[in-house]
Amino acid sequence: MSIRHGLLALLSQGPRYGYQLRAEFESSTGSTWPLNIGQVYSTLSRLERDALVTRVGADEEGRFVYRITAEGEREVRGWFGTPIARGDRPRDELSIKLAMAVTTPGVDVAQVVQTQRTASLRSLQDLTRLKAAAPALPADQSERAWRLVLESMIFQAEAEVRWLDHCEAFVARGASGAAPRPGDAPPEAPAPADEPAPPAAPKEARR
Amino acid sequence: MSVLAMTGVSRDHGAGATLVHALSGIALTVEAGEFVAVMGPSGSGKSTLLTVAGGLDAPTAGRVEVEGADVWALGRAARSALRRRGVGYVFQDLNLVPGLTAAENVMLPRELDGVRARRARREALAALREVGLDEAADRFPDELSGGQQQRVAIARALVGDRRLVLADEPTGALDSHTGEEIMRLLRGRCDAGAACLMVTHESRHAAWADRVVFLRDGRMTDATGDRPGPESLLRGA
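Thresholds applied
- Residues numbered from 1 in each chain as written.
- Chains lettered and ligands numbered in written order.
- Predicted model: local features only at pLDDT ≥ 70, side-chain atom pairs only at ≥ 80, totals over all residues.
- Helix = DSSP H or I, 4+ residues; strand = E, 2+ residues; numbered from the N terminus.
- Buried ≥ 20, exposed ≤ 12 C-beta atoms within 10 Å, placed from the backbone.
- Core = buried A, V, L, I, M, F, W, Y, C linked by C-beta atoms within 7 Å.
- Domains from an automatic or database assignment.
- Contact = placed C-beta atoms within 7 Å.
- Pairing = 2+ DSSP bridges.
- Nonpolar A, V, L, I, M, F, W, Y, C, P; charged D, E, K, R; others polar.
- Axes fitted to C-alpha atoms, helices over the stretch in contact; angles between N-to-C directions.
- Parallel < 35°, antiparallel > 145°, perpendicular 65-115°, else oblique.

Under the annotation held in an unreviewed UniProt entry, chain B carries the name ABC transporter ATP-binding protein and is attributed to Actinomadura yumaensis.

The name given to chain A in an unreviewed UniProt entry is PadR family transcriptional regulator, with the source organism recorded as Actinomadura yumaensis.

See the structure below:
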């Protein structure tokens, strides 16, 4: 799911506070997907439960810094490497993935785009095959209604491919000039706590 | 035997500082009954691929075979004959000769081949019937809609025993409904045994193909693979 993977992608760039994750998530996705801080902490506590992140310390106000684990790193690379199947996309995970891919060092954005484009075209081919199997203008009313639904899926898939083409061109244009932004580095986390994390998450994290 | 087989095909333009690798290391086959679409950003080599596949342009390296014949190992006359008899072309525009009727346009390549007019006309009418246009046989191009003109061009590409159709943005100027008619027609001709290689920038049209290959900077970067079954739709459900 994308909030989870979005936060992991941000943490793969270095340890961060919860409020920092929220702000960066929102700015990375152009604020198209506002998060409340509760969502961030509940997601973090699930990530911690699944051993994908670990808490490494707190500032004087008791706010925790989270750090990605090796398992979490694997998870986020796997997410970038796997196309999303059309159909099980509750919100626009793809645009979030692309936004994160652009800001995460070491991710080949062109490859993420191509992997997705091939998968999207495959589903477009499947939909088109369904359409080709029926007459150009079906006589039956319910057949025609289904055709319109099918066309809607076809046009959505087409729009996605066009958008991917656009992303590719956009990234290629930016590749020449853009350098990683300085000053965005996360605060160096306090010395990592080697003892296991406390069994219960603090109240704040369960909101 | 593949209808079209390209192996290790490269095409350079210019030399020295202005050298451009329009195509590099292309390996592509199109079988009888197969419909292959080529996609890629502009300048990726799509149209060059089509002209090289059709024997209109010589590769700098590699081999192009049409129906088993090595196109550039043939003498000039034999190559021209192969191009005329083996390959049909459909372009976005400039397709039909304005002063000739639909039937005469379709007859033209056969007559150039030395086929007698009566037989060429009979073949042309059969080809027009296959694309659903036999009633328009005696009309001139400017009396036909854009979609009808493109159908005449497809009939002309397939008349006689030609089995390879090369199409460059064949739906370019057509509206989405007419564009779909053309796709349905090309699909039908492939299902009847033709081989088609089509360049398009529209994924909705490319999706009619069995296989979509992606070109980027003259290289094939990816392909959707051979005809997946409809069960792939269920995977994500």
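**Description of the overall build of chain A**
Assigned secondary structure in chain A consists of eight helices and three strands. Secondary structure of chain A in N-to-C order comes out as α-β-α-α-β-β-α-α-α-α-α. The proportion of buried residues among the 207 residues of chain A is 31%.

**Considering the nonpolar core**
B:L4, B:V106, B:A155, B:L186, B:C196 and B:L197 are the most contacted members of the largest nonpolar core, which totals 105 residues. The two domains that each donate at least three residues to this core are domain 1 (3-88) and domain 2 (93-176) of chain A. Non-local contacts of B:L4, meaning those with residues more than four positions away in its chain, are made with B:T29, B:V30, B:A53, B:V66, B:L164, B:A195 and B:L197.

**Regarding the sheet that holds strand β4 (residues 61-66) of chain B**
All names here are of chain B. Strand order in the open sheet formed by four strands is β2-β1-β4-β5, and the pairing between neighbours is antiparallel. Two strands in the sheet have a free side with no partner beyond their single neighbour: β2 (20-30) and β5 (69-70). In this sheet, β5 lies alongside β4 in antiparallel orientation, the contact comprising two bridges. Paired with E65 across the two strands is D70, which belongs to β5.

**Description of the domain arrangement of chain A**
Residues and elements named next belong to chain A. The assigned domain composition of chain A is domain 1 (3-88) and domain 2 (93-176). Between domain 1 and domain 2, the C-alpha centre-to-centre distance is 27 Å. Tallying the contact residues gives eleven residues for domain 1 and 17 residues for domain 2. When grouped by side-chain class, the residues that make up the side of domain 1 that touches domain 2 number five nonpolar, five polar and one charged.

**So, the packing of helix α1 (residues 2-11) of chain A against helix α3 (residues 37-49) of chain A**
All names here are of chain A. Contact geometry for α1 and α3: axes closest at 10 Å, N-to-C directions at 80°. The angle between α1 and α3 places the two elements in the roughly perpendicular class. On α3, the residues that touch I3, R4, L7 and L8 of α1 are Q39, V40, T43, L44 and L47. Here the residues of the contact of α1 with α3 are counted per class, giving six nonpolar, two polar and one charged.

**Some words on α1(A)**
Structural remark: α-helix, 3.6 residues per turn; residues separated by three or four positions point the same way. Among the ten residues of α1(A), eight are classified as buried, and the element is accordingly described as predominantly covered. Listed as buried for α1(A) are A:S2, A:H5, A:G6, A:L7, A:L8, A:A9, A:L10 and A:L11.

**A closer look at unusual backbone geometry**
The bulk of non-glycine residues show a negative phi, and the bulk of peptide bonds are trans. Residue and element names in this part refer to chain B. Not every positive phi belongs to a glycine, and E67 is a case in point at roughly 50°. For E67, the location among the structural elements is in the loop between β4 and β5. Owing to 20 C-beta atoms within 10 Å, E67 belongs among the buried residues under this scheme. Phi at D217 is positive, roughly 50°, even though this residue is not glycine.

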